[in-house]
Amino acid sequence: MGAFTVPLEIAGGLALLLVLGATLFTVRRLIIGRGAAFDCSLRPGAPDAVSDADRTGRWTIGVARYASDRLEWFRVFSLSPRPARLLERSLLEVTGQRQPSGVEARAVLPGVTVVIARYGTDDLDLAMTPEAYTGLASWLESAPPGRTGQVT
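Residues numbered from 1 in each chain as written. Predicted model: local features only at pLDDT ≥ 70, side-chain atom pairs only at ≥ 80, totals over all residues. Heavy atoms only, no water.

Enquirer: Please clarify how the overall build of the chain should be interpreted in this entry.
Expert: The number of helices and strands found in the chain is three helices and nine strands. Helices (α) and strands (β) of the chain occur, in sequence order from the N terminus, as α-β-β-β-β-β-β-α-β-β-α-β. Put simply, the chain has 152 residues, and 33% of those count as buried. Considering only contacts in the chain between residues 6 or more positions apart, those separated by 24 or more positions represent 50%. Total accessible area on the chain stands at roughly 9200 Å², and carbon and sulfur atoms take up 62% of it. (Helix = DSSP H or I, 4+ residues; strand = E, 2+ residues; numbered from the N terminus. Buried < 20%, exposed > 50% of the residue type's maximum accessible area, 1.4 Å probe, protein only. Contact = heavy atoms within 4.5 Å. Areas by Shrake-Rupley, 256 points an atom, 1.4 Å probe, with all protein chains shown as cover.)

Enquirer: Which parts of the structure should I look at to understand the sheet that holds strand β8 (residues 122-128)?
Expert: In a beta sheet, neighbouring strands pair by backbone hydrogen bonds and run either parallel or antiparallel. An order of β2-β8-β7-β6-β9 is seen for the five strands of this open sheet, with the pairing classed as mixed. One side of each edge strand has no neighbouring strand; the edge strands of this open sheet are β2 (41-44) and β9 (150-151). In this structure, β2 lies alongside β8, joined through four bridges in antiparallel fashion. Each bridged residue has a counterpart across the sheet, and for S41 the counterpart in β8 is A127. Strands β6 (92-98), β7 (113-119), β8 and β9 of the sheet are contacted by helix α3 (residues 130-141), whose axis makes an angle of about 150 degrees with β6. (Pairing = 2+ DSSP bridges. Axes fitted to C-alpha atoms, helices over the stretch in contact; angles between N-to-C directions.)

Enquirer: For this particular structure, what's the right way to read the nonpolar core?
Expert: Within the largest apolar cluster, 21 residues are counted, with the highest numbers of intra-cluster contacts made by F38, C40, L71, L126, M128 and L136. Counting only elements with at least two residues in this core, the list comes to β3 (62-66), β4 (70-75), β6, β7, β8 and α3. Per-element accounting of this core gives the leading share, five residues, to α3. F38 has contacts with G62, V63, A64, Y66, L71, M128 and A132, leaving out every residue within four places of it along the chain. Ranked by size, the runner-up nonpolar core spans five residues in total, among them W59, V112, V114 and A127. (Core = buried A, V, L, I, M, F, W, Y, C linked by side-chain atoms within 4.5 Å.)

Enquirer: Looking at this model, I keep getting lost on the environment of T60. Mind explaining?
Expert: When you line up the elements, T60 lands in the loop between β2 and β3. Placed 48 residues apart in sequence, T60 and V108 show a C-alpha to C-alpha distance of 8.4 Å. In contact with T60, other than residues within four places in its own chain, are C40, S41, L42, W73 and R75.

Enquirer: I keep staring at the sheet that holds β3 and nothing clicks. Help me out?
Expert: Spatially, the four strands line up as an open sheet ordered β1-β3-β4-β5, and their pairing is antiparallel. Every other strand in the sheet has two partners, leaving β1 (37-39) and β5 (85-88) as the edge strands with one partner each. The average angle at which neighbouring strand axes cross in this sheet is 20 degrees, direction not considered. Strand direction decides the pairing type here: β4 and β5, joined by four bridges, are antiparallel. Paired with E72 across the two strands is L86, which belongs to β5. Each of β1, β3, β4 and β5 touches α3; the most contacted strand, β3, lies at about 35 degrees to it.

Enquirer: Help me understand the packing of aromatic side chains, please; the structure alone is not making it clear to me.
Expert: The way to describe two aromatic rings as a pair is by their centre distance and the angle between their planes. Per the counting criterion, the structure on display carries two aromatic pairs. Their ring planes at 40 degrees and their centres at 5.4 Å tell us that F38 and Y66 sit as a pair that is tilted. You can see F38 sitting in strand β1 and its partner Y66 sitting in strand β3, a full 28 residues away along the chain. Side by side, F38 and Y66 carry an identical accessibility label, which is buried. Each ring, one from Y66 and one from W139, has its centre 5.1 Å from the other, and the planes form 45 degrees; the classification is tilted. With Y66 in strand β3 and W139 in helix α3, this pair connects stretches of sequence that are 73 residues apart. The two residues Y66 and W139 agree in class, both being buried. (Phe/Tyr/Trp six-rings, centres within 6.5 Å; stacked < 30°, edge-to-face > 60°.)

This is how it looks when you write it as structure tokens:
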């Protein structure tokens, strides 16, 4: 009987850890999703990238949430309660949009628009639904005078 006790305790401990991790993951997602949140993948860009093949970085699936003067971006596959990126509204500029093409069409969620943006001196791409893009553009344009981001 004693030979089976240790493997059963280990299996039970691993099952408990798995259930705890899944619970934390679900609770985090519910907390992040409160308020104005939307699915938003993010990829760092290269300032002189001519095509998708020239882009740097990989797409990371995430969730973005509006705060008063910033956009908080969270990785989906993380347990951290803090956003992975904070994008201040006054430094965020949308420079264009396009449909995903080639390999990137398989790396992002279906039906999204790739939003080409500049954040300060950094370039980045955001993949979101067309409805989420409309909300982002409205949020950027509705900032108080002197604190607005740009949509060109």
